[in-house]
Amino acid sequence: MPRKSPLSSRSTVIAGNWKMYKTIDEAKAFVETLAPLIEKSQATVYLAVPFTAIHATAQLVKALDAPIVIGAQNMNDATEGAFTGEIAARMLKDAGAQFVILGHSERRHIFNESNDFINKKVKRALEDAIQPILCIGETLTQREEGETEAVLREQLLGSLEGVSSDALLKMLVAYEPVWAIGTGKVAHPDDAQAAHAHVRGVLAENWGDEVANQIVIQYGGSVKPDNAADLLSKPDVDGLLVGGASLSADSFSKIINGSKA
Ligand code: PEP
């Protein structure tokens, strides 16, 4: 059975988010193991590695001609300046990153990042030609109080304020319910589909149907090899953002190989 309408031009993008795991040597060994395992996959594979491993993994991917796109997990909104400990989009690009995860719930909740700050980062990333994956998602309390749709709308519109249709087409959005991240509690595929359809609807209302229909919307939150295909079988679930299960080449390759293009 086809995963989604054959009229859909959206490709499947499976992204790994390593968070604060893996040294340079561990990252390189992972890429060397993963590359042959996913050779036949039709999905586009992204890997968001720690800053320190971007250059080495980007070089290795190039040398191996491996079907893996290397990216980062965060950046600052400034081009450069006196911001101790921060990193700029152009530095990430220079190191070999092609995309950056922005607005991840760990950034929003642990580091208090606001929609306004995330919006500035999204605009900077687009301006400096690094592809943003914008993460949005509700907490358990917000879901239980029936606020999911309102929260997703607010995060989307706040983080994408002033972004043109052309720029939006260069981005990905990831729906990541906070209660599902790292908890082992994956969203039911029907709930994921409902949230994704809502997100696409908000995008359509504000940027038009044509743009909304082209945007890849990933699901993230406790994705594992045994639940990935069910999530991807839903028409508005175009890809996956995988945390814990992307740390092992075995489980990440099973998720990738279980998906269709
Ligand atoms: C994430 O970090 O974006 C994530 C979804 O983590 P996990 O897959 O471990 O829930």
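Being a predicted model, the structure only gives us computed values, none of them experimental.

**Q** Got a sec to walk through the overall build of the chain? Specific residues and values, please.
**A** Across its full length, the chain holds 12 helices and 8 strands. Its C-alpha radius of gyration of 17 Å places the chain within 12% of the 18 Å reference for a compact globule of 261 residues. Across its three principal directions, the C-alpha atoms of the chain cover 50 × 45 × 35 Å. Burial analysis of the chain (261 residues in total) assigns 52% to the buried set. Contacts in the chain between residues at least 24 apart in sequence constitute 75% of all its contacts with a sequence separation of at least 6. Split by element, the accessible area of the chain, about 11,800 Å² in all, is 51% carbon and sulfur. Of note, the chain has its 25 positive side-chain charges centred 4 Å away from the centre of its 33 negative side-chain charges.

**Q** Residues and numbers for the side chain of Asp128, please.
**A** Relative to the elements of secondary structure, Asp128 occurs in the loop between helix H5 (115–127) and strand S5 (131–136). Not counting chain neighbours up to four residues away, the residues in contact with Asp128 comprise Thr79, Ala89, Arg90 and Lys93.

**Q** Which residues make up the packing of helix H1 (residues 24–37) against helix H12 (residues 249–257), and what values go with them?
**A** At a minimum axis separation of 10 Å, H1 and H12 run at an interaxial angle of 30 degrees. Taken together, the axes of H1 and H12 lie roughly parallel to each other. Crossing geometry of H1 relative to H12 is assigned as right-handed. Across the interface between the two elements, Phe30, Thr33, Leu34 and Leu37 from H1 touch Ala249, Phe252, Ser253, Ile256 and Asn257 from H12. Of the residues belonging to the contact of H1 with H12, the class tally is 6 nonpolar, 3 polar and no charged.

**Q** Any details on the pattern of salt bridges? Residues and values, ideally.
**A** Under the counting rule described, the total for this entry stands at 14 salt bridges. Because the salt bridges share partners, they merge into one network encompassing Arg10, Arg200, Asp236 and Asp238.

**Q** I'd like a description of the site of the ligand, backed by residues and values.
**A** Close to the ligand lie 14 residues, the nearest being Lys19, Glu176, Gly182, Ser222 and Gly243. Here His104 contributes a side-chain N or O atom positioned 2.9 Å from an oxygen atom of the ligand. Ser222 places a polar main-chain atom, nitrogen or oxygen, 2.8 Å from an oxygen atom of the ligand. Within the complex, the protein chains bury 97% of what would otherwise be the 290 Å² of accessible surface of the ligand. Across the shell around the ligand, the residue classes tally to 4 nonpolar, 8 polar and 2 charged.

**Q** Outline the sheet that holds strand S7 (residues 216–220), supporting the account with residue identities and numerical values.
**A** Judged by pairing direction, the barrel is parallel, and its 8 strands sit side by side in the order S1-S2-S3-S4-S5-S6-S7-S8 before closing back on the first. Within this sheet the neighbouring strands show an average axis-to-axis angle of 25 degrees, counted without direction. By the bridge criterion, 4 bridges tie strand S6 (residues 172–175) to S7 in an arrangement that is parallel. Within S7, the residue paired with Val173 across the bridge is Ile217.

**Q** I'd like a rundown of the pairing of strand S8 (residues 239–242), residues and numbers included.
**A** Covered by surrounding structure in S8 are Gly239 and Leu241 together with Leu240 and Val242, the residues of both alternating faces. Both strand S1 (residues 13–17) and S8 contribute to a ladder of 4 bridges, which runs parallel. Residue pairing for S8: Gly16 is matched across the bridge by Val242. Taken together, the 3 bridges between S7 and S8 define a ladder with parallel strand orientation. Counted as the bridge partner of Gly220 is Leu241 from S8.

The rules we used
- Residues numbered from 1 in each chain as written.
- Predicted model: local features only at pLDDT ≥ 70, side-chain atom pairs only at ≥ 80, totals over all residues.
- Heavy atoms only, no water.
- Helix = DSSP H or I, 4+ residues; strand = E, 2+ residues; numbered from the N terminus.
- Rg over C-alpha atoms; globule rule 2.2 N^0.38 Å.
- Buried < 20%, exposed > 50% of the residue type's maximum accessible area, 1.4 Å probe, protein only.
- Contact = heavy atoms within 4.5 Å.
- Areas by Shrake-Rupley, 256 points an atom, 1.4 Å probe, with all protein chains shown as cover.
- Lys, Arg positive; Asp, Glu negative; His and termini not counted.
- Charge placed at Lys NZ, Arg CZ, Asp CG, Glu CD.
- Axes fitted to C-alpha atoms, helices over the stretch in contact; angles between N-to-C directions.
- Parallel < 35°, antiparallel > 145°, perpendicular 65-115°, else oblique.
- Left-handed = near helix turned anticlockwise from the far one by under 90°.
- Nonpolar A, V, L, I, M, F, W, Y, C, P; charged D, E, K, R; others polar.
- Salt bridge = Lys/Arg side-chain N within 4 Å of Asp/Glu carboxyl O.
- Near = heavy atom within 4 Å.
- Polar contact = N/O pair within 3.5 Å; in protein donor to acceptor, adjacent residues only side chain to side chain.
- Pairing = 2+ DSSP bridges.

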